Amino acid sequence: MTTQNSSNFASKAAQALALLLIAAIFFSLGIWQLDRAKALKKSLVTSTQVSSQSVPLESIAAARQALAAEAINRRVKISGHYVAEFKAPNQKDGDGNLRDWEVALLQIGTNQGILVVRGLWSERLLNPDISQAMIIDIEGQLLAHQFDDHSINGDGSISRLDSSVIVGFTDLDLFDGYVLASTESHDGQQLIRQRPTPEKLTSRIPGFYWQHLSYVVIWWLMAGVVLYLPFYRRRVAS
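What counts and how
Residues numbered from 1 in each chain as written. Predicted model: local features only at pLDDT ≥ 70, side-chain atom pairs only at ≥ 80, totals over all residues. Heavy atoms only, no water. Helix = DSSP H or I, 4+ residues; strand = E, 2+ residues; numbered from the N terminus. Buried < 20%, exposed > 50% of the residue type's maximum accessible area, 1.4 Å probe, protein only. Contact = heavy atoms within 4.5 Å. Areas by Shrake-Rupley, 256 points an atom, 1.4 Å probe, with all protein chains shown as cover. 1 Å grid on protein atoms, 1.4 Å probe; cavity = no way out; pocket = protein on both sides within 12 Å on 5 of 7 lines; lining within 4 Å. Points joined across faces, edges and corners; volume = space filled by probe spheres on them. Nonpolar A, V, L, I, M, F, W, Y, C, P; charged D, E, K, R; others polar. Pairing = 2+ DSSP bridges. Phe/Tyr/Trp six-rings, centres within 6.5 Å; stacked < 30°, edge-to-face > 60°. Patch = residues over 30% accessible without salt bridge, like charges linked within 9 Å, V, L, I, M, F, W, Y side chains within 5 Å. Salt bridge = Lys/Arg side-chain N within 4 Å of Asp/Glu carboxyl O. Core = buried A, V, L, I, M, F, W, Y, C linked by side-chain atoms within 4.5 Å. Polar contact = N/O pair within 3.5 Å; in protein donor to acceptor, adjacent residues only side chain to side chain.

Q: It is not clear to me how the overall build of the chain should be interpreted in this structure. Could you clarify?
A: Scanning the chain from N- to C-terminus turns up two helices and seven strands. Mapped from its N terminus to its C terminus, the chain presents α and β elements in the order α-β-β-β-β-β-β-β-α. Relative to its full complement of 238 residues, the chain shows a buried share of 36%. When contacts within the chain are restricted to residue pairs at least 6 apart in sequence, long-range pairs at least 24 apart make up 68% of them. About 14,500 Å² of surface is accessible on the chain, with carbon and sulfur atoms providing 58% of the total.

Q: What should I look at first to understand the layout of surface pockets in this one?
A: Over the atoms, a rolled probe matching the size of one water molecule traces out where space is still vacant. Empty space within the second largest pocket amounts to approximately 390 Å³. Lining the second largest pocket are K12, Q15, A16, L19, L20, V226, L227, L229, P230, F231, R233 and R234. Breaking the lining of the second largest pocket down by element, the ones donating at least two residues are α1 (2-48) and α2 (209-237). Of the residues in the lining of the second largest pocket, the class split is eight nonpolar, one polar and three charged.

Q: How should the pairing of strand β6 (residues 173-186) be read in this particular structure?
A: Looking along a regular strand, one sees side chains alternate from face to face of the sheet. In terms of burial, β6 is a largely internal element, 10 of the 14 residues being buried. With five bridges joining them, strand β4 (residues 112-120) and β6 adopt parallel strand pairing. By the bridge assignment, V116 is partnered in β6 with V179. Judged from the seven bridges that link them, strand β5 (residues 136-143) and β6 form a sheet pairing that is antiparallel. When the sheet's bridge partners are listed, G140 is paired in β6 with A181. Where β6 and strand β7 (residues 189-190) come together, two bridges link them in antiparallel fashion. Bridging from a neighbouring strand, H186 pairs with Q189 of β7. The hairpin formed by β6 and β7 contains two residues between the paired strands, and D187 there has a positive phi angle of roughly 55°.

Q: Explanation requested: the packing of aromatic side chains in the structure shown.
A: Both the distance between ring centres and the angle between the ring planes are used here to describe each pair of aromatic rings. Following the criterion strictly, the structure yields three aromatic pairs and no others. Between F26 and W219 the ring centres are 5.9 Å apart and the planes differ by 25°, which places this aromatic pair in the stacked class. Of the two residues, F26 sits in helix α1 while W219 sits in helix α2, which places them 193 residues apart along the sequence. Relative to F169, the ring of F86 has its centre 5.4 Å away and its plane inclined at 70°; by these criteria the two rings are edge-to-face. Taken together, the positions of F86 in strand β2 (residues 75-92) and F169 in the loop between β5 and β6 put the pair 83 residues apart, joining distant regions of the chain. Among the residues examined, F169 registers a relative accessible area of 60% and is labelled exposed.

Q: What is the right way to read a nonpolar patch on the surface from this model?
A: A contiguous nonpolar surface patch, about 520 Å² in accessible area, is contributed by Y228, L229, F231, Y232 and V236. Note on placement: Y232 falls in helix α2.

Q: Please explain the nonpolar core as it appears in this structure.
A: In globular proteins that are soluble, nonpolar side chains generally tend to be buried together. One finds L57, I78, I114, V116 and I138 to be the most contacted residues of the largest nonpolar core, which totals 23 residues. Counting only elements with at least two residues in this core, the list comes to β2, β3 (98-108), β4, β5 and β6. Setting aside residues no more than four positions away along its own chain, L57 makes contact with V76, K77, I78, I108, I114, L142 and F175. Of all hydrophobic cores here, the second largest spans 17 residues; its members include V103, L105, L172 and L180.

Q: I would appreciate a short explanation of unusual backbone geometry in the present structure.
A: Positive phi, close to 65°, is recorded for R64, a residue that is not glycine. The phi dihedral of N90 is positive, around 55°, even though this residue is not glycine. Secondary-structure assignment places N90 in strand β2.

Q: Mind showing me how you'd approach the side chain of E102 here?
A: Along the chain, E102 turns up in strand β3. When its relative accessible area of 0% is taken as the criterion, E102 is described as buried. Within the structure, E102 has its side chain in polar contact with the side chain of R193 (distance 2.6 Å). Each residue touching E102, except ones within four places of it in the same chain, is listed here: E85, F86, V116, V117, R118, G119, L120, W121, R124 and R193.

The structure is reproduced here in structure tokens:
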């Protein structure tokens, strides 16, 4: 009899432990989902904030290093001379227009460089007097590099706005990301171009804020159901 009681107790203890473990897993999933909701809300705020004050590029970024989160979308000012030109096909601007963009590699100092979106490819001949010897002063928005290819590399075209696709073209130490120029000037004289606007910025965390919160409720509700199940079975049995 004692052996049977011990066996029953062990069985019930194992069942209780299993239920607690399952409930703990559901509760942990709820905590994880809640953290995702908070991260999503934070990223939506930071991804859409663009400071109107221009700062030197080198003050918020460094060559051959990934862009810090706080550097993305900042307005920057840089000076240098263009050493190469590329066509970036099938780029979508903030108005949803799909066009080919003119992208130039700007050499900064003696050994650094960054990609600069100058304007539309169709307007690349508007400033024929620009030469590699000229120092160009630029202000624009610093954006993260693109992940998806929009075309293929070759024949003067680059597949995406990403310094990694041009490492074979230059020995310069490249900055991560690229600058979407809003103004260009030489010796104080503005270079008039039609400037593309950036796409609407979104969070990289998938889903919606309230969607994540609803999953939090579901996970915790499931944890509550698991914990209530033994009492329900006891009530049904009685």
